[in-house]
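Report on the structure
Spelled out from the first residue to the last, the chains are:
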Amino acid sequence: MATKATGATAPCHAPIGREAFFSIRLTRDPAQAHADASAILSEHPFPFGALAACSDIIAGHGVESVTLADGARLLYVNKGDTYDATLCHVQGRGYFVSSWGDEYEASDRAREEEGDERRCAYCSEWSDVGEPCGACGRDPDTGNPWPEPLRHVRLDNGYTLRTWDSGKTRRGRTRIGYELKDGFLGKTIFSDDEFCPSPCHADDADETLRGLLGFLTLRPGDTDRDYFDAYTPAQREFAASSACELLAYLYSDEGPGAFADVDADDEGSADA
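Residues numbered from 1 in each chain as written. Predicted model: local features only at pLDDT ≥ 70, side-chain atom pairs only at ≥ 80, totals over all residues. Heavy atoms only, no water.

**Remarks on the nonpolar core**
If you look at the biggest cluster of nonpolar residues, it comprises 24 residues, and the most contacted ones within it are Leu155, Tyr159, Leu161, Leu180, Phe190 and Phe238. Those elements that place two or more of their residues in this core are strand S9 (173-182), strand S10 (187-195), helix H5 (206-216), helix H6 (233-239) and helix H7 (242-250). Beyond its immediate sequence surroundings of up to four residues, phenylalanine 190 is in contact with Tyr178, Glu179, Leu180, Leu216, Tyr231, Gln235 and Phe238. Core analysis: the second largest hydrophobic core is formed by 20 residues, Ile24, Ala50, Tyr95 and Val97 among them. (Core = buried A, V, L, I, M, F, W, Y, C linked by side-chain atoms within 4.5 Å. Buried < 20%, exposed > 50% of the residue type's maximum accessible area, 1.4 Å probe, protein only. Helix = DSSP H or I, 4+ residues; strand = E, 2+ residues; numbered from the N terminus. Contact = heavy atoms within 4.5 Å.)

This is the structure we're talking about:
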């Protein structure tokens, strides 16, 4: 698999370099194939026709095209695999040797680096980061339905807990997404979308939040030792901390902890 363009770009009618050309998988004498293709590329007035005439020379399967992230049209001789080196053409770049897969991915990366956009994992349209896809309305990162917010609360020790409807279900029950964050350091401790709340309570009820916190504040000695094997170092540190012990007490079934809903317009403030 090629990881970058396998040849330098060239003006529309400049010959392709031998080294770059020889990276193409050929079935005839390489030197003669290079000479024949160079003659066609230098003489033919139209890129599509030139590549079509070169297709048999490089054992290709005709000419195809794809639109790159910057709107440019990439013409290429189909070699049968996404990452096979082949003859390509882009207006303004001329002819060059690369694979259409490498060019497509490089163009996507360049667009992502230039702005806050990425391709939606569901429909492949470009979407703003952190927003629902404008084309399909899904989460562009995962392709899943855009999560519906449930609660965002500040806990009595300064930590925050945010929950959302993940759009997934298990045995008919919603799977809730959650994020527990250290409100002082701004550090996320836990984040996932696999919590199944009790059917006895609404997904946004205080009782559901207490049940979730009971799960997140398990400490060594509360359950089997191997339960913590999948924890990250930060999560192990939290489980052994006094903050975790305090949260476990405050938000136990009979604990005195309260939930202060965070103002959606100003996450730094909380409603009493």
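**Here we look at the packing of helix H2 (residues 30-43) against helix H3 (residues 47-55)**
The geometry of H2 relative to H3 is characterised by a closest axis approach of 9 Å and an angle of 165° between their N-to-C directions. By the angle class used here, H2 and H3 are roughly antiparallel. By crossing handedness, the relation of H2 to H3 is classed as right-handed. Contacts from Ala37, Ile40 and Leu41 of H2 reach H3 at Ala50, Leu51, Ala53 and Cys54. (Axes fitted to C-alpha atoms, helices over the stretch in contact; angles between N-to-C directions. Parallel < 35°, antiparallel > 145°, perpendicular 65-115°, else oblique. Left-handed = near helix turned anticlockwise from the far one by under 90°.)

**What to know about the packing of aromatic side chains**
In this structure the tally under the stated criterion is 12 aromatic pairs. Arranged with centres 5.5 Å apart and planes meeting at 70°, the rings of phenylalanine 190 and tyrosine 231 form a pair that is edge-to-face. Linking phenylalanine 190 in strand S10 with tyrosine 231 in the loop between H5 and H6, this pair joins segments that are 41 residues apart in sequence. Using a relative accessible area of 10% as the deciding quantity, one classes tyrosine 231 as buried. An angle of 85° between the planes, with centres 5.2 Å apart, marks the rings of tyrosine 227 and phenylalanine 228 as edge-to-face. (Phe/Tyr/Trp six-rings, centres within 6.5 Å; stacked < 30°, edge-to-face > 60°.)

**Re H7**
By the burial criterion, the buried members of H7 are Ala243, Cys244, Leu247 and Leu250. One face of H7 carries all of its buried residues, which in axial projection span an arc of 130°. More than 90 degrees from the buried face of H7, the exposed residues found are Ser242 and Tyr249. In the core, the buried residues of H7 are packed alongside H5 and H6. (Arc of directions from axis to C-beta.)

**Describing the pattern of salt bridges**
Considering all chains together, one arrives at 12 salt bridges under this definition. In this structure, the salt-bridge partner of arginine 118 is aspartate 141, at a minimum N-O distance of 2.6 Å. Here arginine 118, found in strand S5 (residues 117-119), pairs with aspartate 141, found in the loop between strand S6 (126-128) and strand S7 (148-154); they are 23 residues apart in sequence, far enough to count as distant. Shared partners join several salt bridges into a network, and the residues in it are Lys168, Arg175, Asp193 and Glu194. (Salt bridge = Lys/Arg side-chain N within 4 Å of Asp/Glu carboxyl O.)

**Topic: the layout of surface pockets**
Computed from the structure, the largest pocket encloses a volume of approximately 460 Å³. Lining the largest pocket are 21 residues, and of these Trp146, Pro147, Pro149, Arg162 and Trp164 sit closest to its centre. Broken down by secondary-structure element, the contributors of at least two residues to the lining of the largest pocket are S7, strand S8 (160-170) and S10. No other element matches the 5 residues that S8 contributes to the lining of the largest pocket. Residue composition of the lining of the largest pocket, grouped by class: 8 nonpolar, 6 polar and 7 charged. (1 Å grid on protein atoms, 1.4 Å probe; cavity = no way out; pocket = protein on both sides within 12 Å on 5 of 7 lines; lining within 4 Å. Points joined across faces, edges and corners; volume = space filled by probe spheres on them. Nonpolar A, V, L, I, M, F, W, Y, C, P; charged D, E, K, R; others polar.)

**A closer look at the side chain of arginine 210**
By the secondary structure assignment, arginine 210 is in helix H5. For the buried arginine 210, which has no salt bridge, the nearest side chain bearing the opposite charge is aspartate 206, at an N-O separation of 6.0 Å. A polar contact is formed between the side chain of arginine 210 and the backbone oxygen of glycine 257, at a distance of 2.6 Å. Leave out the neighbours within four places in its chain, and arginine 210 touches Leu250, Tyr251, Ser252, Gly255, Gly257 and Phe259. (Lys, Arg positive; Asp, Glu negative; His and termini not counted. Polar contact = N/O pair within 3.5 Å; in protein donor to acceptor, adjacent residues only side chain to side chain.)

**Considerations on the pairing of S10**
Across 6 bridges, S9 lies against S10 in antiparallel orientation. If you follow lysine 181 over to S10, its bridge partner there is threonine 188. Here S9 hands over to S10 after 4 residues, with glycine 186 in that stretch at a positive phi of 70°. (Pairing = 2+ DSSP bridges.)

Taken by themselves, the reported measurements are silent on function.
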